[in-house]
Amino acid sequence: MRIHRENPAHPSELVGSVPITPPQAVDVIVREADRRFRQWSARPLAERLARLRGAADALADDVAELAELLARETGKPVADCRGEIGFAATYLRWVCDRATAVYVATEADDAHGRLTITPEPYGVVTAITPWNAPIILSLLKLGPALAAGNTVLLKPSPLAPLTVTRVAQLLPETTVVHGGPELVQALIAHPLVGKVAFTGGDAAGRAIAAAAGQALKPVVLELGGNDPAVFLDDFALTSDDYERLVLASFATAGQVCMAAKRLYVPHRRAGEFLDAYQAAAHRILRVGDPLDDAVTMGPVVTRAAAARLAALISDSATRGADIITLAEGPRGEGYFIDPVLAVGLSDDAPLVRTEQFGPAVPFLTYRTEDEVLSRANDSDLGLAASVWSADEDRAFAFATRVEAGFTFINTHNRTGMSLRAPFGGIKNSGYGREYAEEGLREYTRPTVIHSPAAFRPGGTGMPARAYPPAR
Ligand code: NAD
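Here we summarise the structure given alongside this text. Note that the structure is a prediction, hence the values are computed from the model and not measured. (Residues numbered from 1 in each chain as written. Predicted model: local features only at pLDDT ≥ 70, side-chain atom pairs only at ≥ 80, totals over all residues. Heavy atoms only, no water.)

Some details on helix 14 (residues 392–399)
Alright, step 1. Taken residue by residue, helix 14 has Ala395, Phe398 and Ala399 as its buried positions. The buried residues of helix 14 occupy an angular sector of 100° when projected down its axis, which confines them to one face.
Alright, step 2. Buried residues along helix 14 sit against strand 10 (228–231), helix 13 (369–377), strand 16 (384–388) and strand 17 (406–409).
Alright, step 3. N-cap assignment for helix 14: the residue whose side-chain oxygen lies 3.0 Å from the backbone N of Asp393 is Asp391. (Buried < 20%, exposed > 50% of the residue type's maximum accessible area, 1.4 Å probe, protein only. Helix = DSSP H or I, 4+ residues; strand = E, 2+ residues; numbered from the N terminus. Arc of directions from axis to C-beta. Contact = heavy atoms within 4.5 Å. Polar contact = N/O pair within 3.5 Å; in protein donor to acceptor, adjacent residues only side chain to side chain.)

See the structure below:
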């Protein structure tokens, strides 16, 4: 049995296929990963990091070829695919640079006693990843997990299984398994799997958290977002800013967890904003074949996704929204959806309330800051957000009241990321963090060896029912 993947831009083209791993094979696979873990974790950190640096170099060397495959299986523009893979190599090198400071035991031997705190790997980590940025989203788990001494079983999305399987071959101690929910359940339930890392949508996230809860496994959940972009009344955007904003919503045809998914603009500046936004969209959005380097937006990922988005847009029109088409894509073959702004929706419309995950964005207006704050926060999701203002202090002050794991100022989406800044959601957008030292620490747990001063040889002892002194 195999998973076959078609090209979303040319659905009749089969890009490739991968073998399905039967759930019955899980026990053998996990035991082997656990055996490898014992060897890998026993190697000096410097040796593990040398292997990972070599993998980062190999990844960077293969960018062009891998990017073409990624574009064909996901429908993402090939230039974006090159960017993603290059960034993944950069991230892996960054992990190697930071690992020696993070994955190190701390030791004390003083008047309070002798204490060793060791960041220990979990053993076998299971990583379950989505299709939309499969290389970086896998590396965010693999990089720190492997550096820390774990081995990894990687379960990619059936919608983008090909490139990531090739990338995994460049990495040490990584086994790729392909399949659906049943396979994931079997992996999580296996007693030798120590940690679960998931990025994806709400439904899968709940199923994975439930399985992890049942098995008492720690889990990182990076889930969806419905990110608001709030423009304070003094916003001052150049034409470059508008182009960046357009791509913050429409890169990867809007199928990005932290895309700008709701735009809130002051009522009195709506006309000016819409004119400049549409002009920028006409300049920057080229919808077409992802393998064309001039293209900035490809198709959506599946026929079902295209049908869901078409329904969401027609529902918005039925509710009286003005649907502004920002660019036109190819007609006929391919899962293309023209990028649109929906102007004039009320806050209860599905396009406003739910994560659209596609190239249709609601444009909303407001009159006061308190009003826009409460509307922006009125969501069960809290992944990212952005605040735009000519006054950075004012933007920061407003941002402290926005309910999001990551708030960008005067930009949104990937242009606002930083390797040193932890990324992850609040509310139903998940828990745990990626990037930064927090992302590295997800793959170890501190274990302690402690000899209290009072009971060391020659110590003074302590009454049996006493509590320890303050330190
Ligand atoms: P998805 O949830 O459909 O699939 C993600 C992974 O989970 C895949 O490997 C899939 O095979 C597996 N899966 C699906 N259903 C499952 C189940 N019931 N049990 C176990 N595993 C299951 O998501 P997707 O369509 O690939 O990606 C889109 C979603 O991911 C969006 O909601 C997006 O916002 C979110 N996302 C979040 C982040 C983040 O960092 N927070 C990043 C990218 C994408």
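Past the structure itself, the notes keep going.
Here we look at the sheet that holds strand 13 (residues 340–343)
Alright, step 1. The mixed open sheet is built from seven strands, whose spatial order is 12-13-14-11-10-16-17. Either end of the sheet is taken by a strand with one partner, and the two such strands are strand 12 (322–325) and strand 17. Between one strand axis and the next, the sheet turns by 20° as a mean value, whatever way the strands run.
Alright, step 2. Lying over the sheet, helix 13 contacts strand 10, strand 11 (262–266) and strand 14 (360–366), oriented at roughly 150° with respect to strand 14.
Alright, step 3. In this fold helix 14 packs onto strand 10, strand 16 and strand 17, with an angle of close to 160° to the strand it touches most, strand 17. (Pairing = 2+ DSSP bridges. Axes fitted to C-alpha atoms, helices over the stretch in contact; angles between N-to-C directions.)

Observations regarding helix 5 (residues 134–148)
Alright, step 1. With 15 residues, helix 5 extends 21 Å from end C-alpha to end C-alpha; this agrees with the ideal 21 Å at 1.5 Å per step.
Alright, step 2. Judged by how many residues are buried, helix 5 sits mostly within the fold: 15 of 15 residues are covered.
Alright, step 3. Phi for Gly149, located one or two positions after helix 5, is positive at around 110°. (Expected span 1.5 Å × (residues − 1).)

Considering the pairing of strand 2 (residues 10–19)
Alright, step 1. Two strands pair when backbone bridges link them, and strand 1 (residues 2–7) and strand 2 are joined in this way by six bridges, in the antiparallel orientation. In the strand pairing of strand 2, Ile3 is matched with Val18.
Alright, step 2. Hairpin connection of strand 1 to strand 2: two residues between the antiparallel strands.

Here we look at unusual backbone geometry
Alright, step 1. With a phi angle near 55°, Glu173 is a residue other than glycine that sits in the positive phi range.
Alright, step 2. Turning to its location among the elements, Glu173 is positioned in the loop between helix 6 (162–168) and strand 7 (174–176).
Alright, step 3. A positive phi angle is found at Asn413, which is not glycine, with a value near 75°.
Alright, step 4. Overall, Asn413 belongs to the buried group, its relative accessible area being 4%.

Focus on the nonpolar core
Generally speaking, soluble globular proteins have nonpolar side chains that are buried together.
Alright, step 1. Formed by 68 residues in total, the largest nonpolar core has its most connected members in Phe231, Leu245, Leu263, Phe273, Tyr277 and Leu341.
Alright, step 2. Looking at which domains feed residues into this core, each of domain 1 (2–223 + 429–449) and domain 2 (228–416) supplies at least three.
Alright, step 3. Non-local contacts of Phe231, meaning those with residues more than four positions away in its chain, are made with Leu237, Leu245, Leu263, Tyr264, Val265, Pro266, Phe273, Tyr366 and Trp388. (Core = buried A, V, L, I, M, F, W, Y, C linked by side-chain atoms within 4.5 Å. Domains from an automatic or database assignment.)

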